[in-house]
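Coordinate inspection notes
Take a look at the letters that make up each chain.
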Amino acid sequence: MPRSSELSDFEKGIIIGYHKCGRSLRDISSDLKYPKSTVAYVIKKWNLSGDCRNVPQVGRPTKLGDRDRRVLTREIRKNRTQPMALIREQFQQASGSIVSMNTIRKEAHLHGFHGRAAAHKPLITKSNRAARLMWYKAHRN
């Protein structure tokens, strides 16, 4: 059985039927060839709520898939200082997905890419260094 597939309502009903007949978790797992954790989860859900049907997914599905997210991070890493509009164009060429700037920005933030400016440091020339040293000595105490 593939890892990512979800059990159908019928398969969950079979597990509940076995459980009602008094079969142990291990026996149900070995007879139906499902992992013990899956069987235990179905039985626990049925005991708590009295129902173990599959419910529809809540909310809107995301626009980008896993592959698109990897492509986006690759495009951002190529040159982190380029503007978001250019990143969006390169991403659309690389992946073929058409997304808005806000989507690109949100995904970039989720992956740890943030637009921040470096701190400005004062230019210290030889004369400036001497003036600062004199100011320090004058205001030492």
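Note that the structure is a prediction, hence the values are computed from the model and not measured. (Residues numbered from 1 in each chain as written. Predicted model: local features only at pLDDT ≥ 70, side-chain atom pairs only at ≥ 80, totals over all residues. Heavy atoms only, no water.)

Side note on helix α7 (residues 126–138)
Going by this rule: Numbering of helices and strands starts at the N terminus; helices are DSSP runs of H or I of at least 4 residues and strands are runs of E of at least 2. Any helix carries an expected span of 1.5 Å times its number of residues minus one. Exposure categories follow from relative accessible area, calculated using a 1.4 Å probe and restricted to protein chains: below 20% of the type maximum is buried, above 50% is exposed, and the middle band is partly exposed.
Here α7 spans 18 Å end to end across 13 residues, near enough to the 18 Å set by a 1.5 Å rise per residue. Judged by how many residues are buried, α7 sits mostly at the surface: 0 of 13 residues are covered.

Digging into the UniProt feature "domain: Transposase Tc1-like" (unreviewed entry) in the protein chain
As a reminder, the rule being used: UniProt positions are given in the numbering used here, feature names are shortened, and annotations may be inferred rather than shown by experiment.
What UniProt calls "domain: Transposase Tc1-like" (unreviewed entry) maps, in this numbering, to residues 69–141. Overall, residues 69–141 shows 62% helix and 0% strand. The separation of its end C-alpha atoms is 57 Å.

Quick look at the side chain of Asp 68
To keep things clear, this is the line we draw: Positive: Lys, Arg. Negative: Asp, Glu. His and the chain ends are not part of the count. Should a side-chain nitrogen of Lys or Arg be within 4 Å of a carboxyl oxygen of Asp or Glu, the pair is scored as a salt bridge. Note on contacts: a residue pair qualifies if any of its non-hydrogen atoms lie within 4.5 Å across the two residues.
Its place among the elements puts Asp 68 in helix α4 (residues 66–78). With no salt bridge to any partner, buried Asp 68 finds its closest opposite charge in Arg 67, at an N-O distance of 6.9 Å. Each residue touching Asp 68, except ones within four places of it in the same chain, is listed here: Lys 63, Phe 91, Ser 95 and Ser 97.

A few points about the pattern of salt bridges
Two side chains bearing opposite charge may form a pair once their charged atoms approach each other closely. According to the stated counting rule, one finds 5 salt bridges in the structure shown. Between Arg 23 and Asp 31 there is a salt bridge, with the nearest N and O atoms lying 2.4 Å from each other. Overall, the relative accessible area of 33% leaves Arg 23 in the partly exposed class. Overall, Asp 31 belongs to the partly exposed group, its relative accessible area being 38%. The partner of Glu 75 in a salt bridge is Lys 78, with the nearest N and O atoms 3.2 Å apart. Placement of both Glu 75 and Lys 78 in helix α4 is noted, with a separation of 3 residues, approximately one turn of the helix. Here Lys 78 falls in the exposed class, since its relative accessible area comes to 59%. Where salt bridges share partners, they join Asp 66, Arg 69 and Glu 107 into one cluster.

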